[in-house]
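# Understanding the architecture of this molecule
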Amino acid sequence: MFDNVLVSTDWLADHLNAPHLRIVDIRGHVIAASEPPPHYFNHQTDYENIHIPGALFLDWVDAITDPDDPRHAQIAKPERFAAVMSALAIGDDTAVIAYDDARGMFAARLWWSLNYYGHANVAILNGGWEKWVAEQRPVESITPHYSAAVFTPRPNPSLYRRSDQILAALDEHQHLIDVRTPDEFAGRSSRAPRKGHIPGALNLPRFELTQADGTMLPLDQLRQRFAAAGVSDTTEDVVFYCNGGVSASYGLLAYRAAGFTGGSVYDGSWKDWGSDESKPIA
């Protein structure tokens, strides 16, 4: 259904009532690591007050994460993820549009999660909630009700990286892209006990992939950003990481939007690597 990983507000406005389309509101925010916990929040109350017509809410903090993993935000196990998707009426034949109010970060996480579980028929709303509202598009406060669907999880290991895989490939053709802030990359701040970055990684902060209005950079500018980070059409095994895999998902989304193929996310990211004394840091 989708030719790109992004859809415009015009496109969504024209397809609000399309059959087999589900719109997912995954709004939320993260606060600085220097602040006392909790650091992760959903915006369910905002959704209940007003949202895009037909949209259902998804809690990025708990619903699609693994409650048994101490590194919060790690992707949910297959059975849990499938149950959540089924409750959202997302089945094997359902097209999905995700939107948020965080410049696409959480919407991209759902995009990656669905792709990881074998459901590629998903895109995110470019510009998200803010652009939709700024353009005075239709909104509603009614929570829609849909019948549960059958979602079959089919994990795609090519989209997922573990720390042992990252470590084993440090001196090979692996190309690591750290999408955290320059301060985190340089070791001036950290969400893990240790500071710094994975040896060999290059820094491409997520905020450099978006425009002032929250939309993604145009294709030519994306290509320039990736070129500056050493990525070309011949670059092999591009792996994105952040603190816990969420912003890294947006990095992969932008990578695909720029016309590249492949790529993966180190889901544990710096919270995993920076908490393991056996792992080298730079």
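Residues numbered from 1 in each chain as written. Predicted model: local features only at pLDDT ≥ 70, side-chain atom pairs only at ≥ 80, totals over all residues. Heavy atoms only, no water.

In terms of nonpolar packing, the biggest core is built from 79 residues, with Leu-12, Ile-52, Leu-58, Met-85, Phe-226, Phe-240 and Leu-253 touching the most fellow members. Other than its neighbours up to four places away in sequence, Phe-240 contacts Ile-177, Val-179, Phe-226, Ala-248, Gly-251, Leu-252, Tyr-255, Ser-264, Val-265 and Tyr-266. By size, the runner-up hydrophobic cluster in this structure holds 11 residues, among which are Ile-166, Ala-201, Tyr-266 and Trp-270. (Core = buried A, V, L, I, M, F, W, Y, C linked by side-chain atoms within 4.5 Å. Buried < 20%, exposed > 50% of the residue type's maximum accessible area, 1.4 Å probe, protein only. Contact = heavy atoms within 4.5 Å.)

Right, let's talk about the packing of aromatic side chains for a bit. Within the structure shown, the criterion is met by 17 aromatic pairs. Judged by centre distance (4.8 Å) and plane angle (35°), the ring pair of Phe-81 and Tyr-117 falls under tilted. In this pair, Phe-81 sits in helix 3 (residues 78-87) while Tyr-117 sits in the loop between helix 4 (105-116) and strand 7 (122-125), placing the two residues 36 residues apart along the sequence. Judged by relative accessible area, Phe-81 falls into the buried class, the value being 0%. What makes Tyr-117 buried here is its relative accessible area of 2%. On the numbers, 5.6 Å between centres and 15° between planes, the contact of Trp-112 with Tyr-116 is stacked. Of the two residues, Trp-112 and Tyr-116 both sit in helix 4, 4 residues apart, roughly one turn of that helix. By way of ring pairs, the aromatic residues Phe-81, Trp-112, Tyr-116, Tyr-117, Phe-151 and Tyr-160 are connected into one cluster. The side chain of Arg-22 reaches across the aromatic face of Tyr-146, ending 3.9 Å from its centre. (Phe/Tyr/Trp six-rings, centres within 6.5 Å; stacked < 30°, edge-to-face > 60°. Helix = DSSP H or I, 4+ residues; strand = E, 2+ residues; numbered from the N terminus. Lys NZ or Arg CZ within 6 Å of the ring centre and 35° of its normal.)

One open sheet holds the 5 strands; their spatial order is 8-12-11-9-10, and the pairing between them is parallel. Each edge of the open sheet is held by one strand with a lone partner, namely strand 8 (160-161) and strand 10 (202-203). Contacting strand 11 (238-241) and strand 12 (264-266), helix 9 (residues 246-257) runs over the sheet at an angle of about 145° to strand 11. (Pairing = 2+ DSSP bridges. Axes fitted to C-alpha atoms, helices over the stretch in contact; angles between N-to-C directions.)

Moving on to the side chain of Asp-178. Assignment of secondary structure puts Asp-178 in strand 9 (residues 175-178). At a separation of 2.8 Å, a polar atom in the side chain of Asp-178 contacts the side chain of Arg-180. Within the structure, Asp-178 has its side chain in polar contact with the side chain of Tyr-241 (distance 2.7 Å). When neighbours within four sequence positions are excluded, Asp-178 is seen to be in contact with Phe-185, His-197, Ala-201, Leu-202, Asn-203, Leu-204, Pro-205 and Tyr-241. (Polar contact = N/O pair within 3.5 Å; in protein donor to acceptor, adjacent residues only side chain to side chain.)

Right, let's get into the pairing of strand 2 (residues 21-25). Within strand 2, 5 of the 5 residues are buried, leaving the element largely enclosed by the surrounding structure. Burial along strand 2 is two-sided: the face carrying Leu-21, Ile-23 and Asp-25 and the face carrying Arg-22 and Val-24 are both buried. Of the pairings in the sheet, the one linking strand 2 to strand 6 (residues 95-99) comprises 5 bridges and is parallel in character. Paired with Val-24 across the bridge in strand 6 is Ala-98.

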